[in-house]
Amino acid sequence: AASADYKNDPIYLFAKQFVEACPNRSGEIAEKAAADWLKTRFDELLPETSPSAIDRVSGYDRAVFNLSCKLDNPNTDRRIIIGAHYDAVSGSNGVGDNAFGVAALYTLLKTFATGSRFVPYDLVFVAFGGEELGLVGSYGYVNGMSEADKQRTALMINLDSLVFGDKLYLHCENKSTDIADLFKSHVDGIAEKPYRKGVMTNGYDVYGYGYYETIQGSDHTPFRLAGIPVAFFFSGNYDGMAYAESANANRCVMNTSSDNFASLDNFVGAEAVTRTNAVISGIAATFADSDFAAVCDNAVNQLVNLNLVYTRLYPKLVALGLSLVCLLLLVPYYRKLQKRAIMGTAEAKTSRVFSQPDAEDIFTFDK
Ligand SMILES: [Zn+2]
């Protein structure tokens, strides 16, 4: 049937093969098996002289594993990191979160490793482990970067939970930075997140910076905290006051045992493939844009200052200061009101003492 054609798309096939080979990707042994499976697939695309590598990262009480490889541009040592986590929560197949993200990562590697496309950067591909344990793999990766590594990383692109959410969003630094605008101009079907600016909106969003500050945490976060610009592709529904994956309960599967192919086929279908392909071709088109290198290299200059005092405490101190000024102005006014109230009573008594008896009072004397 034509409606099932999406099941023959390479994106779908890769995600399906990955989940069937590695249905559980939680815990050290299962994670390592999944990293090994992905390494085999990655290395089929890479020259024998530069295969991918699995790095063990310790966090909490167990190890997690990052799989990475690099496509070298001999004319530069500046680079872009593209990442997707391959682990899943215990008891979930992690189809939306994040086998389709891994399929997108693999397809981007395939696109740039086997084609003759020019990208003005080295491209580093990372399949992160331990995301669901608290970004263990990505924090470990960033902790392992030298200052020079951080300086030469122009951008980190994170692909997580692309398909079950109602809409596809791009979280960059802000509602509108040059790099966000460039990506959005090339990715079909990207949604605009409602943008609520205001002092009372959100404790972290006083200036309405919005996008970086209020997103769900995923593997781009450690990079951003290290001063590296990020672009985070993530699906969901922000139309309500809070984030929901979907308005349809059947598509709210993240971190549950329902994040599987049965749910995908029943409630998402071809849209999963269309959307994932839009992300892949949108990223490739952005890389090919003649403005890309200039915009990408300037992205670091459009980062919001995340300094605690500036973004979080300073606006609150200003609000507190204004409240105190108002209070100081109100105290004398309140005193004045009090005084007027007392004088008002006194006036009433005084006027009774000195009031003239009216005609009726006078005539009653005669009776
Ligand atoms: Zn995820």
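The model shown is predicted, which means the values in this text are computed figures rather than measured ones.

> So what's going on with the coordination of the zinc ion? Which residues, and what values?
On the protein side, the zinc ion has H85 (NE2), D97 (OD), D160 (OD) and D160 (OD) as donor atoms, found 2.0 to 2.5 Å from it. Coordination geometry of the zinc ion: the four donor atoms subtend angles of 55 to 148 degrees at the metal centre, consistent with an arrangement described as irregular. One chain supplies every donor to the zinc ion, and in sequence these donors are spaced H-x11-D-x62-D. Of this pair, H85 sits in strand β3 (residues 79-85) while D160 sits in the loop between β5 (153-159) and β6 (167-171), and the two are 75 residues apart along the sequence. Relative accessible area serves as the criterion here: at 0%, H85 is assigned to the buried category.

> Now, about the nonpolar core: what can you tell me, with residues and values included?
Formed by 72 residues in total, the largest nonpolar core has its most connected members in I80, F100, I157, L159, F233, L264 and F287. Sort the elements by how many residues they give to this core and helix α3 (residues 95-114) lands first, with eleven residues. Counting eleven residues, the second largest nonpolar core, distinct from the first, contains V124, Y141, V142 and F223.

> Requested: an account of the pattern of salt bridges, with residues and values cited.
The final tally for this structure, using the stated rule, is 15 salt bridges. With a shortest N-O distance of 3.7 Å, K150 and E147 are connected by a salt bridge. Here K150 and its partner E147 are both found in helix α5 (residues 147-152), three residues apart, which amounts to about one turn of the helix. The network of salt bridges with shared partners includes K70, D72 and D122.

> Tell me about unusual backbone geometry, and please be specific about residues and values.
D97 connects to N98 through a cis peptide bond whose omega is 20 degrees. Along the chain, N98 turns up in helix α3. Of note, L135 is a non-glycine position whose phi angle comes to about 60 degrees, a positive value. With respect to the helices and strands, the residue L135 is situated in the loop between β4 (122-128) and α4 (136-143). In this structure, N255 is a non-glycine residue whose phi angle is positive, near 60 degrees. As for its placement among the helices and strands, N255 is situated in the loop between β7 (230-236) and α9 (261-267).

Reading the values: the criteria
Residues numbered from 1 in each chain as written. Predicted model: local features only at pLDDT ≥ 70, side-chain atom pairs only at ≥ 80, totals over all residues. Heavy atoms only, no water. Donors = N, O, S within 2.8 Å, 3.2 Å for Na, K, Ca; no water. Tetrahedral: all angles 85-135°; square planar, octahedral: opposite > 155°, others 65-115°. Helix = DSSP H or I, 4+ residues; strand = E, 2+ residues; numbered from the N terminus. Buried < 20%, exposed > 50% of the residue type's maximum accessible area, 1.4 Å probe, protein only. Core = buried A, V, L, I, M, F, W, Y, C linked by side-chain atoms within 4.5 Å. Salt bridge = Lys/Arg side-chain N within 4 Å of Asp/Glu carboxyl O.

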